[in-house]
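Residue-level listing of the chains:
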Amino acid sequence: MIVCKQCGHHNEDNDTFCGSCGKFLEWTGERVAVAEPEPPPPVVEPEPEPVHHGLIDRVKQAVGIEETATAPTAADRAPTTPAPAPTAAPAAPRAAAPLRSVPVSSAPAAATAPEPVLAGVAAPGPPSVAPAPPPVSADEPLSRRPTSVAPTITRPRPGLRRVEQPTRRHAGDLICGQCGEGNDPTRHFCRRCGSELAEAVAVQQPWYRRILNRLFGDRTREAGWRPNRVGGPNVTGMFMRVVRLAIAAVLVIGVLAFLLIPPFRNAVVNKVTAGVTAIRKIVHPNFDPIHPVGANATTSTPGHLPPLAIDTFANTYWAASANDKAPVLILRFSGPVDLAEIGVTSGASGTAPQDQFVAQPRPHQVHLVFSNGYTADLALSDIKTAQFNPIDAQQVTSVEIHVLSTWAPAGAAPSSVAIAEVEFRTKD
């Protein structure tokens, strides 16, 4: 642990700058060792029991003769066959035997007897000479006594900064905008580069972990928080916890039922498919043509009957009688259909389309009546191309087209109104 001398903030061992005041810890920090637990007391071994000597051992100790275990010599490990003694080697000196006093009348003093050799004791050899030290090479440096060297402190040079990868990225950490290091939310300066963390962005948890923590995690409170109530238990908190547990139980049961019960799975798939299709029709609809199967009208001229308005050909048309002031064209479908658009191609057509288009009146104001009771009014332009208008008619079996007004030259003689083609589209 490193304690800042400026503000007294406690920093981690690997922090470079103080998290509270942003000072450089190499200059203002003091490393504090954490107290370690005391070691356990040493185990006292029991003293060995004294060795009991026998009678013979006590006699040997009193006389001064003690048997000592000696390591086997090379002569003991040699084979039993005696090897010839070297002739050039000088004999080892032997110690003189002690003199014994004898009476004068007896024989002359005997020569010195050889020294008795005890069994198992090697004869003393010549004194050993210590080996001479190896010569010192001229290139080898002489040894010297160690001396204390003051540690050097490497201070950061201004304008230079090491670029390193961030060492930590935990949920909730403040990301430094200069070096990308993660810092504790309580810090005000970066732990590595010392930059201010006022505008640092916190690491966000994944969405599923945030949901799980909100549903089942324990809420953390700030220091000094107290509930704003006095009295009984927190009924609202208990109720909300029960609600969260109930929602989780319903979700688990629903998932298990979807996986294990085929009818339930099919019903869920159908509902989801219908909902997705309805949304797609609103956002990005697909229009498919749908054709009526029959047509009739209040009046018509010879050669221009009502079915010619739905034959998908542009060179044919339906024309009403000249004396019919409010002609009606009725179209039928094979079954209930949902209509989303209607397209009307106005005027007459033929070998000379421009002349025919101008010669006969074209529908202007049109009133639509559908079999389900839905009605709509259209204002058509005086053009000879198809004009599509949106409608919303559900489960329709027939459509009535009432021509309320026409495009015609002023002062022209009354003539029959003409419609070349009527088209319908449905959303898919």
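Residues numbered from 1 in each chain as written. Predicted model: local features only at pLDDT ≥ 70, side-chain atom pairs only at ≥ 80, totals over all residues. Heavy atoms only, no water.

### Notes on the overall build of the chain
Check the secondary structure of the chain and you find seven helices and 16 strands. Here the contacts in the chain between residues at least 6 apart in sequence split such that 62% fall between residues at least 24 apart. Of the accessible surface of the chain, which amounts to about 32900 Å², a share of 60% is contributed by carbon and sulfur atoms. (Helix = DSSP H or I, 4+ residues; strand = E, 2+ residues; numbered from the N terminus. Contact = heavy atoms within 4.5 Å. Areas by Shrake-Rupley, 256 points an atom, 1.4 Å probe, with all protein chains shown as cover.)

### Comments concerning the packing of aromatic side chains
Enumeration according to the criterion identifies four aromatic pairs in this entry. Here the aromatic rings of Phe-333 and Phe-424 are separated by 5.3 Å at their centres, their planes lie at 75°, and the arrangement is edge-to-face. Of this pair, Phe-333 sits in strand S10 (residues 328-346) while Phe-424 is found in strand S16 (residues 418-427), placing the two residues 91 residues apart along the sequence. Here Phe-333 and Phe-424 have matching classes, each one buried. Residues Phe-370 and Tyr-374 carry aromatic rings whose centres are separated by 5.3 Å and whose planes lie at 35° to one another, so their mutual orientation is tilted. An aromatic cluster of at least three residues, connected via ring pairs, comprises Phe-17, Phe-24 and Trp-27. Across the ring face of Phe-388, the terminal group of Arg-425 is positioned such that the distance to the ring centre comes to 3.9 Å. (Phe/Tyr/Trp six-rings, centres within 6.5 Å; stacked < 30°, edge-to-face > 60°. Buried < 20%, exposed > 50% of the residue type's maximum accessible area, 1.4 Å probe, protein only. Lys NZ or Arg CZ within 6 Å of the ring centre and 35° of its normal.)

### Things to note about the sheet that holds strand S1 (residues 2-4)
Read across the open sheet, the three strands follow the order S2-S1-S3; overall the sheet is antiparallel. Where the open sheet ends on each side, the last strands, each with one partner, are strand S2 (10-11) and strand S3 (29-31). (Pairing = 2+ DSSP bridges.)

### Details of the pairing of strand S14 (residues 387-403)
Where a strand is regular, its side chains alternate between the two sheet faces. Relative to S14, S10 runs antiparallel, the two sharing 11 bridges. Counterpart to Ile-342 in the pairing with S14 is Asn-389. Where strand S12 (residues 365-370) lies against S14, five bridges are found, and the strand directions are antiparallel. Bridge pairing links Leu-368 to Ile-401 in S14.

### Here's the deal with the pattern of salt bridges
A full pass over the atoms with the stated rule returns four salt bridges. Its salt-bridge partner being Arg-187, residue Asp-15 comes within 3.2 Å of it at the nearest N-O pair. With Asp-15 in the loop between S2 and helix H1 (25-28) and Arg-187 in the loop between strand S5 (182-183) and strand S6 (201-202), this pair connects stretches of sequence that are 172 residues apart. Residue Asp-15 is classed as buried on the basis of its relative accessible area of 7%. By relative accessible area, Arg-187 is classed as buried at 7%. Between Arg-362 and Asp-382 there is a salt bridge; the shortest N-O distance is 2.9 Å. (Salt bridge = Lys/Arg side-chain N within 4 Å of Asp/Glu carboxyl O.)

### Re the sheet that holds strand S4 (residues 174-175)
Read across the sheet, three strands follow the order S5-S4-S6 without closing on themselves; strand pairing throughout is antiparallel. In this open sheet, the two strands that pair with only one neighbour each are S5 and S6. Examined bridge by bridge, S4 and S5 share two bridges and lie antiparallel to one another. Within S5, the position partnered with Leu-174 by the bridge is Asn-183.

### Looking at the nonpolar core
Among the nonpolar cores identified, the biggest contains 28 residues, and Leu-339 and Phe-424 are the most heavily contacted of them. Broken down by element, the residue count for this core peaks at seven residues, all from S10. Beyond its immediate sequence surroundings of up to four residues, Leu-339 is in contact with Ile-290, Phe-333, Phe-370, Ile-391, Asp-392, Ala-393, Val-396, Val-399, Phe-424 and Arg-425. Formed by six residues, the second largest nonpolar core is a distinct cluster that contains Cys-179, Cys-190, Cys-193 and Leu-197. (Core = buried A, V, L, I, M, F, W, Y, C linked by side-chain atoms within 4.5 Å.)

### What about helix H5 (residues 235-260)?
Taking 1.5 Å as the rise per residue, H5 with 26 residues should run 38 Å; its terminal C-alpha atoms sit 37 Å apart, in good agreement. Listed as buried for H5 are Arg-244, Ala-248 and Ala-257. (Expected span 1.5 Å × (residues − 1).)

### As for a nonpolar patch on the surface
Taken together, the side chains of Val-252, Val-255, Leu-256, Leu-259, Leu-260, Ile-261 and Phe-264 present a nonpolar region at the surface, about 670 Å² in accessible area. Per element, the largest residue contribution to the nonpolar patch is five residues, and it comes from H5. Within the secondary structure, Val-255 sits in helix H5. (Patch = residues over 30% accessible without salt bridge, like charges linked within 9 Å, V, L, I, M, F, W, Y side chains within 5 Å.)

### Looking at the side chain of Thr-28
Looking at the secondary structure, you find Thr-28 in helix H1. Accessibility expressed as a relative area gives 13% for Thr-28, which makes it buried. In contact with Thr-28, other than residues within four places in its own chain, are Val-3, Cys-4, Lys-5, Gln-6 and Lys-23.

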